[in-house]
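Chain by chain, the residues:
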Amino acid sequence: MWLAAAGSAALLLGAYGFQHLGGLAPCQMCLWQRWPHALAAGAGVLAIWAPFAMTALLGAAGAATTAGIGVFHAGVEQGLWEGPATCSAGSISGLSVEDLMATIMAAPVVRCDEIAWQWLGLSMAGWNAALSLGLAALWLTAVFARGPEEKRA
């Protein structure tokens, strides 16, 4: 369990490192992926006082949630499906010049459908999804590897 909580904390710190040290501004969906990591890392801290099974399931839910958002985000980046209109390029047909200008001016600086960084063919969203699925599996393994007496502690 501690390894899974530390993994979420490391991924969260890595995202902040890419942002503040690497100069890669996050898009809206990148920010969405951070909150569940904070929840999962917090579940590890909470396990000091709260029942193990409850905190481990909370950590697993956080890791699985950020993995799901990462899969969705990676799909948007690859053009497999359309992302939220607030952070992706959408259709402009049928818009008046005024509406088009309003859309452009309201658009975020960083688009969710553009890959800012990738390694071995996976974007940061793809890596987040893959690693977070592994962390969710670690959380669940921690729950099911314990005996009934240990789960109550």
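All of the points below concern the structure found in this document. (Residues numbered from 1 in each chain as written. Predicted model: local features only at pLDDT ≥ 70, side-chain atom pairs only at ≥ 80, totals over all residues. Heavy atoms only, no water.)

Before going further, it helps to examine the overall build of the chain. What the chain contains, in helices and strands, is six helices and two strands. Each helix (α) and strand (β) of the chain, taken in turn from the N terminus, gives the series α-α-α-α-β-β-α-α. Counting only residues that meet the buried cut, the chain has 35% of its 153 residues in that class. Residue pairs in contact within the chain that sit at least 24 positions apart in sequence constitute 75% of those at least 6 positions apart. (Helix = DSSP H or I, 4+ residues; strand = E, 2+ residues; numbered from the N terminus. Buried < 20%, exposed > 50% of the residue type's maximum accessible area, 1.4 Å probe, protein only. Contact = heavy atoms within 4.5 Å.)

Residues Met1, Phe52, Ala56, Ala63 and Trp139 are the most contacted members of the largest nonpolar core, which totals 15 residues. Within the residue set of this core, elements represented by two or more residues are helix H1 (2-20), helix H2 (28-46), helix H3 (52-77) and helix H5 (124-145). Counting residues per element, this core draws most heavily on H5, which supplies five residues. Methionine 1 has contacts with Ala47, Phe52, Thr55, Ala56, Trp139 and Ala142, leaving out every residue within four places of it along the chain. Ranked by size, the runner-up nonpolar core spans five residues in total, among them Met29, Val76, Cys87 and Cys112. (Core = buried A, V, L, I, M, F, W, Y, C linked by side-chain atoms within 4.5 Å.)

Right, let's talk about the environment of leucine 140 for a bit. Positionally, leucine 140 belongs in helix H5. With a relative accessible area of 34%, leucine 140 lands in the partly exposed category. Put simply, leucine 140 and alanine 56 are 84 residues apart on the chain and 7.0 Å apart in space, counted from C-alpha to C-alpha. Residues within four places of leucine 140 in sequence aside, it is in contact with Leu57 and Ala60.

Turning our eyes to something else, we now look at the packing of aromatic side chains. Enumeration according to the criterion identifies three aromatic pairs in this entry. Ring centres of phenylalanine 72 and tryptophan 81 lie 6.2 Å apart, and the angle between their planes is 10 degrees; on these two criteria the pair is classed as stacked. In this structure phenylalanine 72 comes out as partly exposed when scored by relative accessible area, which is 32%. A cation sits over an aromatic face here: arginine 34 above tyrosine 16, 4.5 Å from the ring centre. (Phe/Tyr/Trp six-rings, centres within 6.5 Å; stacked < 30°, edge-to-face > 60°. Lys NZ or Arg CZ within 6 Å of the ring centre and 35° of its normal.)

Moving on: a nonpolar patch on the surface. Residues Trp2, Leu39, Val45, Leu46, Ile48, Trp49, Met54 and Leu58 make up a contiguous nonpolar surface patch of about 840 Å² in total accessible area. Elements that contribute at least two residues to the nonpolar patch include exactly H2 and H3. Here the nonpolar patch takes three residues from H2, the largest share from any one element. (Patch = residues over 30% accessible without salt bridge, like charges linked within 9 Å, V, L, I, M, F, W, Y side chains within 5 Å. Areas by Shrake-Rupley, 256 points an atom, 1.4 Å probe, with all protein chains shown as cover. Salt bridge = Lys/Arg side-chain N within 4 Å of Asp/Glu carboxyl O.)

Glancing now at the side chain of glutamine 33. Looking at where glutamine 33 falls in the secondary structure, it is placed in helix H2. A residue is classified by how much of its surface remains accessible, and glutamine 33, at 5% relative accessible area, is buried.

Closest axis-to-axis distance for the H1/H2 pair is 8 Å, and the angle between their directions is 145 degrees. Handedness of the crossing formed by H1 with H2: left-handed. For the pair H1 and H2, the contacting residues are Trp2, Ala5, Ser8, Ala9, Leu11, Leu12, Ala15, Tyr16 and Gln19 in the first and Arg34, His37, Ala38, Ala40, Ala41 and Gly44 in the second. The residue inventory of the contact of H1 with H2, partitioned by class, reads 10 nonpolar, four polar and one charged. (Axes fitted to C-alpha atoms, helices over the stretch in contact; angles between N-to-C directions. Left-handed = near helix turned anticlockwise from the far one by under 90°. Nonpolar A, V, L, I, M, F, W, Y, C, P; charged D, E, K, R; others polar.)

Relative to the elements of secondary structure, alanine 60 occurs in helix H3. Excluding anything up to four places from it in sequence, alanine 60 contacts Ala136, Trp139 and Leu140.

Right, let's talk about the packing of H1 against H5 for a bit. For the pair H1 and H5, interaxial distance at closest approach is 9 Å and the crossing angle is 165 degrees. Our classification of the angle between H1 and H5 gives roughly antiparallel. For the crossing formed where H1 meets H5, the hand is left-handed. In this structure, H1 uses Leu3, Ala4, Ala5, Gly7, Ser8, Leu11 and Phe18 to contact H5, whose residues at the interface are Met124, Asn128, Leu131, Ser132, Leu135, Leu138 and Trp139. Looking at the contact of H1 with H5 residue by residue, the class counts come to 10 nonpolar, four polar and no charged. (Parallel < 35°, antiparallel > 145°, perpendicular 65-115°, else oblique.)

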